[in-house]
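# Survey of secondary and tertiary structure
Next come the chains, spelled out residue by residue.
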Amino acid sequence: MAAGSTYTPIATTTLGSAAATVTFSSIPGTYTDLILIGAFSCSAATGTAFNLNGDTGSNYSGTHIEGDGSSAFSGRNSNATNTGWTYDTTSNGQVNGIAHFNNYSNTTTYKTLLSRYNTPGTQTGARVSLWRNTAAINTILITASSANFNTGSTFTLYGIASA
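Quick caveat, the model's predicted, so the values are computed rather than measured.

## So, the overall build of the protein
Along the backbone of the protein there are 0 helices and 11 strands. In the protein, the succession of helices and strands from N to C terminus is β-β-β-β-β-β-β-β-β-β-β. Expected size for 163 residues packed as a compact globule is a radius of gyration near 15 Å; at 15 Å, the protein falls within 12% of this value. Overall size of the protein, expressed as C-alpha extent along the three principal axes, is 40 × 35 × 25 Å. Looking at the protein as shown, the accessible area adds up to about 7500 Å², and 52% of this sits on carbon and sulfur atoms. Here the protein holds 5 positive side-chain charges and 5 negative ones, and the gap between their average locations is 10 Å.

## A look at unusual backbone geometry
Positive phi values are uncommon outside glycine, yet Ser-26 reaches one of about 55°. In this structure, Ser-26 sits in the loop between β2 (21–24) and β3 (33–40). Overall, Ser-26 belongs to the exposed group, its relative accessible area being 66%. In this structure, Asn-103 is a non-glycine residue whose phi angle is positive, near 50°. By the element assignment, Asn-103 lies in the loop between β7 (95–102) and β8 (111–119). Note on Asn-103: relative accessible area 36%, which makes it partly exposed.

## Considering the pairing of β7
Burial along β7 is one-sided: the residues Val-95, Gly-97, Ala-99 and Phe-101 are buried and none of Asn-96, Ile-98, His-100 and Asn-102 is. In this structure, β3 lies alongside β7, joined through 7 bridges in antiparallel fashion. Paired with Gly-38 across the strands is Gly-97, a residue of β7. Taken together, the 7 bridges between β7 and β8 define a ladder with antiparallel strand orientation. Bridge pairing in β8 links Gly-97 to Tyr-117.

## Some thoughts on the sheet that holds strand β9 (residues 123–131)
As summarised here, the arrangement of the 8 strands in space is β1-β11-β3-β7-β8-β9-β5-β6, forming an open sheet in which the pairing is antiparallel. Every interior strand has two partners, whereas the edge strands, β1 (7–14) and β6 (72–80), have only one. On average, adjacent strands in this sheet sit at an angle of 15° to one another, irrespective of strand direction.

What counts and how
- Residues numbered from 1 in each chain as written.
- Predicted model: local features only at pLDDT ≥ 70, side-chain atom pairs only at ≥ 80, totals over all residues.
- Heavy atoms only, no water.
- Helix = DSSP H or I, 4+ residues; strand = E, 2+ residues; numbered from the N terminus.
- Rg over C-alpha atoms; globule rule 2.2 N^0.38 Å.
- Areas by Shrake-Rupley, 256 points an atom, 1.4 Å probe, with all protein chains shown as cover.
- Lys, Arg positive; Asp, Glu negative; His and termini not counted.
- Charge placed at Lys NZ, Arg CZ, Asp CG, Glu CD.
- Buried < 20%, exposed > 50% of the residue type's maximum accessible area, 1.4 Å probe, protein only.
- Pairing = 2+ DSSP bridges.
- Axes fitted to C-alpha atoms, helices over the stretch in contact; angles between N-to-C directions.

As structure tokens, this is what we get:
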């Protein structure tokens, strides 16, 4: 990032071997928002799941829209046990995703998550999610829902400073 940028790298994980999960923990509460960027592939067709602060209860909801170049589709889920990037890619298909955790350190409001992803040549999508919890986000667990993230998959977490 350029000097004067409001994006501050917090942590980066590049997998040296295949793994089912990636965790960012001890996230400082000193920023207004968080940005998570993933450039990854998986060992089989799957999606990703985000769990915040270890919460696996039915406290997530979301709405998504997706397209594959010939058709579009959308959906909504309520009382889900996670949120994440919704995609279905084949083995070794590259996925690029960005997730924006708004007002993540505020302890009086539920948390809103805006995310986008694409699998070049196959699919693109966007999702808005709500985590019904007022706790500041200090841990993000990213799970390959039914496979592993491949070696070389990279995830970077940024903090956005207030202007």
